Amino acid sequence: MKGKLFGVGIGPGDPELLTLKAVRIIREASVIAVPGKKKEDTVAYQITVQAVPEIAEKECMEIYMPMTKEKKALEESHEKAAQQVAEMLERGYDVAFLTLGDSSVYSTYLYIHERIRAMGYETEIVSGIPSFCAVAARLNMGLVEKAQPLHVIPASYQIEEALKLPGTKVLMKAGKKMREVKEMLMGLEADTVMIENCGMEGERVFQSAAEIPEDAGYYSLIIVKEKE
């Protein structure tokens, strides 16, 4: 009998935000997969092992996923990762692939998921708490009310038009574009907040666009709300 692949969302950083289902799937899976060269260095593993310490004794697949937009390199890495996972599934092992936040939101896991499904293996996405929901809760604020729309925007791409949309904007993955993003936000008539490393060690909160550091880390999320 062939194994099954689970894309397990583990939430944004606080180990207490893993769902009961995520914990059960992780405990039951024969193999844990993490996105990185060494499990102990991956953020997903560091978070999960605090909630499910027994994964330290499980077989772990370390899957390298380069941080690049170069299409050929990405295709090759995704294909190699899918083959690694497929080998385990073919041997009858269930694999729990740990992914930050929710597995369906800008998740590298999805590239593996699509390839594994195309190969004919069984897959399942296990929802996790999205980072922007956790950030709003951490800031003790709502994201949207009444008829307000919510826009989730990948900030490392062109975002000028997206920032003109009505309602609340969530900016994710600004990365090296943080300086440009900050400049655009300072030109808006809006309330802007940012959290770096929400729920993790080194968490920092910035209460305005002007406070945002241009060298903010990868795990930074910005919420932009229209002034009331």
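In what follows, the structure referred to is the one given above.
Residues numbered from 1 in each chain as written. Predicted model: local features only at pLDDT ≥ 70, side-chain atom pairs only at ≥ 80, totals over all residues. Heavy atoms only, no water.

Visitor: Can you explain the overall build of the protein? Please cite residues and give values.
Guide: Regarding its fold elements, the protein presents six helices and ten strands. In terms of C-alpha radius of gyration, the protein reaches 18 Å, essentially the compact-globule figure of 17 Å for 228 residues. Along the first, second and third principal axes, the C-alpha atoms of the protein reach 60 × 35 × 35 Å. Burial analysis of the protein (228 residues in total) assigns 49% to the buried set. Pairs at least 24 apart in sequence give 68% of the contacts found in the protein among residues at least 6 apart. Only carbon and sulfur atoms are counted for the fraction: they give 50% of the accessible area of the protein, which is about 12,100 Å². Across the protein, the mean location of the 28 positive side-chain charges is 3 Å away from that of the 35 negative side-chain charges. (Helix = DSSP H or I, 4+ residues; strand = E, 2+ residues; numbered from the N terminus. Rg over C-alpha atoms; globule rule 2.2 N^0.38 Å. Buried < 20%, exposed > 50% of the residue type's maximum accessible area, 1.4 Å probe, protein only. Contact = heavy atoms within 4.5 Å. Areas by Shrake-Rupley, 256 points an atom, 1.4 Å probe, with all protein chains shown as cover. Lys, Arg positive; Asp, Glu negative; His and termini not counted. Charge placed at Lys NZ, Arg CZ, Asp CG, Glu CD.)

Visitor: So what's going on with the packing of aromatic side chains? Residues and values would help.
Guide: In total, this model carries two aromatic pairs according to the counting rule given. Ring geometry for phenylalanine 97 versus tyrosine 109: centroids 5.5 Å apart, planes at 50°, classification tilted. A residue pair is termed long-range when its members are at least 10 positions apart, and phenylalanine 97 in strand 4 (residues 95–99) and tyrosine 109 in helix 4 (residues 109–118) qualify at twelve residues. Tyrosine 109 matches phenylalanine 97 in its accessibility class, with the two residues each being buried. Centroid distance tyrosine 218 to tyrosine 219: 5.1 Å. Interplanar angle 80°. Geometry classified as edge-to-face. In this structure, lysine 37 packs its charged tip against the face of tyrosine 64, placed 4.7 Å from the ring centre. (Phe/Tyr/Trp six-rings, centres within 6.5 Å; stacked < 30°, edge-to-face > 60°. Lys NZ or Arg CZ within 6 Å of the ring centre and 35° of its normal.)

Visitor: I'd like to hear about a nonpolar patch on the surface, residue by residue, with values.
Guide: A cluster of nonpolar side chains, namely Met67, Tyr218 and Tyr219, defines an oily patch on the protein surface of about 330 Å² accessible area. If you trace the backbone, tyrosine 218 turns up in the loop between strand 9 (204–206) and strand 10 (220–226). (Patch = residues over 30% accessible without salt bridge, like charges linked within 9 Å, V, L, I, M, F, W, Y side chains within 5 Å. Salt bridge = Lys/Arg side-chain N within 4 Å of Asp/Glu carboxyl O.)

Visitor: Before we move on, could you go through the pattern of salt bridges and cite the residues and values that matter?
Guide: On inspection of all chains with the given rule, the structure shows 14 salt bridges. Residue lysine 21 is joined to glutamate 124 by a salt bridge in which the shortest nitrogen-to-oxygen separation is 3.0 Å. Placement of lysine 21 in helix 1 (residues 20–28) and of glutamate 124 in strand 5 (residues 122–126) is noted, with a sequence separation of 103 residues between them. Within this structure, Lys4, Lys21, Glu122 and Glu124 form a network of salt bridges that share partners.

Visitor: Pulling in residues and values, what's your account of the sheet that holds strand 1 (residues 4–9)?
Guide: Strand order in the open sheet made by the five strands is 3-2-4-1-5, with parallel pairing throughout. Edge strands, defined here as strands with exactly one partner in the open sheet, are strand 3 (59–63) and strand 5. With direction set aside, neighbouring strand axes in the sheet form an average angle of 20°. Direction of pairing for strand 2 (residues 31–35) relative to strand 4: parallel, over a ladder of three bridges. Opposite valine 31, over in strand 4, you have valine 95 as the bridge partner. In the packing of helix 1 onto the sheet, contacts are made with strand 1, strand 2, strand 4 and strand 5, and the angle to strand 1 comes to roughly 140°. (Pairing = 2+ DSSP bridges. Axes fitted to C-alpha atoms, helices over the stretch in contact; angles between N-to-C directions.)

Visitor: How would you explain the sheet that holds strand 7 (residues 168–172) if you had to name every residue and give the values?
Guide: The strand order 6-7-10-8-9 describes an open sheet built from five strands, whose pairing is mixed. Unpaired on one side and paired on the other, strand 6 (150–154) and strand 9 mark the two borders of the sheet. Going from strand to strand, the sheet's axes swing by 15° on average, the running direction of each strand aside. Pairing analysis gives five bridges linking strand 6 to strand 7, with the strands arranged parallel. By the bridge assignment, valine 152 is partnered in strand 7 with valine 170. Its contacts with the sheet place helix 5 (residues 131–138) against strand 6, strand 7, strand 8 (190–196), strand 9 and strand 10, and it is angled at close to 70° to strand 10. Lying over the sheet, helix 6 (residues 178–186) contacts strand 7, strand 8 and strand 10, oriented at roughly 15° with respect to strand 10.

Visitor: Describe in detail the environment of methionine 184, supporting the description with residues and values.
Guide: You can see methionine 184 is positioned in helix 6. Sequence separation between methionine 184 and isoleucine 159 is 25 residues, and the spatial gap between their C-alpha atoms is 9.1 Å. Setting aside chain neighbours within four positions, we find methionine 184 in contact with Ile159, Glu160 and Leu163.

Visitor: Go over unusual backbone geometry, please, and point to the residues and values.
Guide: Here lysine 173, not a glycine, exhibits a phi torsion of approximately 60°, which is positive. Mapping lysine 173 onto the fold places it in the loop between strand 7 and helix 6. According to the relative accessible area criterion, lysine 173 is partly exposed, its value standing at 26%. The backbone phi angle of asparagine 197 is positive, close to 60°, even though this residue is not glycine. Accessibility expressed as a relative area gives 16% for asparagine 197, which makes it buried.

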